Amino acid sequence: MTTEDQLMDWTKPSSDTEQDKQERTERMVQEAIADHQAFDGCDISVYAKGSYPNNTNVRTESDVDIAVQCSEVFYYDLLDPSIPKPGPPYTGIWTPEYLRAETEEALSAKFGSQIDTNGNVAIKVSSSSARVDADVVPCFDLRDYFLSGGYREGTRIFRKSGSSVDNYPTQHLEKGRSKNADTSHYYKKTVRILKRTANAMEDEGFHRATASFLVESLVYNCPKSLFFPSTWVETVRGIIYHIWENTQGDTEPTKNERWMEANDVKYLFASKQSWTRKDARDFADAAFGYLELSE
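So, here is what we can say about the structure in this document. Counting from 1, residues in each chain are numbered in the order their sequence is written. This being a predicted model, a pLDDT of at least 70 is required before a residue's local features are given, and a value of 80 or more before pairs of side-chain atoms are given or counted; all residues contribute to the totals for chains, interfaces and linings. Hydrogen atoms and water are omitted, and side-chain values are computed over all heavy atoms in the structure.

1. Considering the pattern of salt bridges
Should a side-chain nitrogen of Lys or Arg be within 4 Å of a carboxyl oxygen of Asp or Glu, the pair is scored as a salt bridge. Evaluation of the coordinates by the stated rule reveals 13 salt bridges. One salt bridge connects Glu-31 with Lys-110, and the closest N-O pair in it is separated by 3.0 Å. In this pair, Glu-31 sits in helix α2 (residues 16-34) while Lys-110 sits in helix α3 (residues 96-111), placing the two residues 79 residues apart along the sequence. Asp-166 is the salt-bridge partner of Arg-156, the closest N and O atoms lying 2.7 Å from each other. Pair noted here: Arg-156 is in strand β6 (residues 151-158) and Asp-166 is in strand β7 (residues 164-167), with a separation of 10 residues, a long-range link. Owing to a relative accessible area of 14%, Asp-166 belongs among the buried residues under this scheme. Salt bridges sharing partners connect three or more residues here, namely Arg-208, Lys-278, Asp-279 and Asp-282. Runs of E in the DSSP output that reach at least two residues are strands. Runs of H or I that reach at least four are helices, and both are numbered from the N terminus. Residue burial is assigned from relative accessible area. The probe radius is 1.4 Å, only protein chains are included, and a residue is buried under 20% of its type maximum, exposed over 50%, and partly exposed in between.

See the structure below:
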C-alpha cells in the first residue's frame, strides 16, 4: 500500500537544478527570437506556458512549453452571432506559415541541428547538459468577443495541417494560483502526486499514457473540501474517487455541471478534445489500484 511518506515526497516541485535548466532554456529561446532580423520591429513575445510556470511539472528533466506569440494580427471568435466583426481582414505579412518559417529559422540559427521541425504543432529543441527539451509553439493573439462588450484574451495556434487550437495560458496561470490559495496550497501538491502516479503507471506498463494537462484539469475540478483531510493518503483517495464517480457515462451533464479545463474557459470533455470521460475514469480506476488505496 502507498505510504504517507511516499505521497509526501511526490508533492515536491522540480529541484533547483531542474528549475535552473528550465529558466535557461526559456531565456535561450527568447534570445534566439530577439536576435532574428525578421522579427525586428515585430510585436512579439516569448514566454513559458503550461506546467512549468504553473509549478506543476514533475518529470526529471521535464520539457518546457514556450510560446512565440505574434501580436501584429489578432484572430477572433464572436460568442454571439449579433456581435459585429472587429474591423477589416488583416492583409499583412504575418500569416501562420510565415510566423512558423521565421521561428524555425531563428531557432535553427541558435540551436543548429538540435531542432526538429517535423511536428504538426511544436518545434522541438533538444536538451543538453545546460538545458531541458523545449516545445516551441508559434501562435497569435485571440479575442473572444462578448455580447455585453469587451473580449477575453487567449492564443490561437495553427497546426501545419491547417487546423487550429485555442489556448488560454493567462487564465491557466491565474486560475491555478487562485485554486492553490483557496486550498491552502494543497491543490498543486495534489496535482504533482497524480502526475507522478500517471508517469509511474506508464513507465511500469500498468496503464496507458495519460495527458499531463488532463490530470491537472481533473484535479482542478475537485471541490475545495477534498483537499483538507489529515493525511495525503486520505486526500488522494478522496480526489481519485471523486474523479471516477463524476466521470461515469459518456453523456455530458447540463452546462453548469460540466467539467472545465484548468483555465476555466474550455469544457474539458468537449467533442474536439483528445480525451474522453472514459479516459478520465480509466485513469482514476488505474491510479486507485496502483496506489493500493483500498481502505
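2. Focus: the side chain of His-172
Mapped onto the secondary structure, His-172 falls in helix α4 (residues 169-182). Looking at His-172, the relative accessible area reads 6%, which means it is buried. Within 3.5 Å is the distance limit for a polar contact, defined as a pair of N or O atoms, with the added protein rule that one can donate a hydrogen and the other accept it, and that residues adjacent in sequence qualify only through two side-chain atoms. For His-172, the side chain forms a polar contact with the side chain of Glu-216, separated by 2.8 Å. The contact criterion used throughout is that any non-hydrogen atoms of two residues lie within 4.5 Å. Not counting chain neighbours up to four residues away, the residues in contact with His-172 comprise Gly-50, Asn-54, Phe-213, Glu-216, Ala-262 and Asn-263.

3. Things to note about the packing of helix α5 (residues 186-203) against helix α7 (residues 232-245)
In a packed pair of helices, the relevant descriptors are the angle between the two axes and the axis-to-axis distance. Axis angles are defined between N-to-C directions and span 0 to 180 degrees, where every axis is a line fitted to C-alpha atoms and, for a helix, only to the segment in contact. Between α5 and α7, the shortest axis-to-axis distance is 11 Å and the interhelical angle comes to 75°. What the angle tells us is that α5 and α7 run roughly perpendicular. For the pair α5 and α7, the contacting residues are Tyr-186, Lys-189, Thr-190, Ile-193 and Leu-194 in the first and Trp-232, Thr-235, Val-236, Ile-239, Ile-240 and Ile-243 in the second. The residue makeup of the contact of α5 with α7, split by class, is 8 nonpolar, 2 polar and 1 charged. If an angle is under 35 degrees, it is roughly parallel; if it is over 145, roughly antiparallel; if it lies from 65 to 115, roughly perpendicular; otherwise it is oblique. Under this grouping Gly is polar, as are all residues other than the nonpolar Ala, Val, Leu, Ile, Met, Phe, Trp, Tyr, Cys and Pro and the charged Asp, Glu, Lys and Arg.

4. What about the pairing of strand β2 (residues 64-78)?
By the bridge criterion, 6 bridges tie strand β1 (residues 44-49) to β2 in an arrangement that is antiparallel. Note that in β2 the partner of Val-46 across the bridge is Val-68. Paired strands, in this sense, are two strands between which DSSP finds at least two bridges.

5. Concerning the packing of aromatic side chains
Centre distance within 6.5 Å is the pairing criterion for rings of Phe, Tyr and Trp, where only the six-membered ring of Trp is used; planes under 30 degrees apart are then read as stacked, over 60 as edge-to-face, and the remainder as tilted. On inspection of all chains with the given rule, the structure shows 14 aromatic pairs. Their ring planes at 80° and their centres at 6.4 Å tell us that Tyr-76 and Tyr-145 sit as a pair that is edge-to-face. In this pair, Tyr-76 sits in strand β2 while Tyr-145 sits in strand β5 (residues 134-145), placing the two residues 69 residues apart along the sequence. Overall, the relative accessible area of 28% leaves Tyr-76 in the partly exposed class. Note on Tyr-187 and Phe-227: the rings are 6.3 Å apart at their centroids and 75° apart in plane angle, and the pair reads as edge-to-face. Remark: Phe-227 occurs in the loop between α6 (212-220) and α7 and Tyr-187 occurs in helix α5; sequence separation between them is 40 residues. As far as burial versus exposure is concerned, Tyr-187 and Phe-227 are alike and both buried. Connected via pairs of aromatic rings, a cluster forms that spans Phe-39, Trp-94 and Tyr-98. Comment: the charge-over-ring label is applied if NZ (Lys) or CZ (Arg) is within 6 Å of the ring centre and within 35 degrees of the ring normal. The lysine or arginine in question, Lys-179, covers the ring of Tyr-220, its NZ or CZ lying 5.5 Å from the ring centre. The ring of Tyr-267 carries Arg-258 above its face, with NZ or CZ at 5.0 Å from the centroid.

6. Quick notes on α2
Expected helix span is taken as 1.5 Å per residue step, with the number of steps being one fewer than the number of residues. Over its 19 residues, α2 runs 27 Å from end to end, which matches the ideal 27 Å to within 8%, given 1.5 Å per residue. On its buried face, α2 is in contact with β1, β2, α3 and β5.

7. Looking at α5
Taking 1.5 Å of rise per residue, the 18 residues of α5 would be expected to cover 26 Å, and the 26 Å separating its terminal C-alpha atoms lies within 8% of that figure. The buried fraction of α5 is high, at 14 of 18 residues. Positioned one or two residues after α5, Gly-205 has a phi angle of 70°, which is positive.

8. Looking at the nonpolar core
In terms of nonpolar packing, the biggest core is built from 35 residues, with Leu-194, Leu-218, Val-236, Ile-240, Ile-243, Phe-269 and Phe-283 touching the most fellow members. Elements with a minimum of two residues in this core: α1 (4-10), α5, α6, α7 and α8 (277-290). The biggest single contributor to this core is α5, with 7 residues. Residues contacting Leu-194, with those up to four places away along its chain left out, are Val-215, Val-219, Val-236, Ile-239, Ile-240, Ile-243 and Phe-283. By nonpolar core we mean a set of buried residues, namely Ala, Val, Leu, Ile, Met, Phe, Trp, Tyr and Cys, connected to one another through side-chain atoms within 4.5 Å. The next biggest cluster of nonpolar side chains, apart from the first, holds 27 residues, and it includes Ile-66, Ile-115, Ile-123 and Ala-134.

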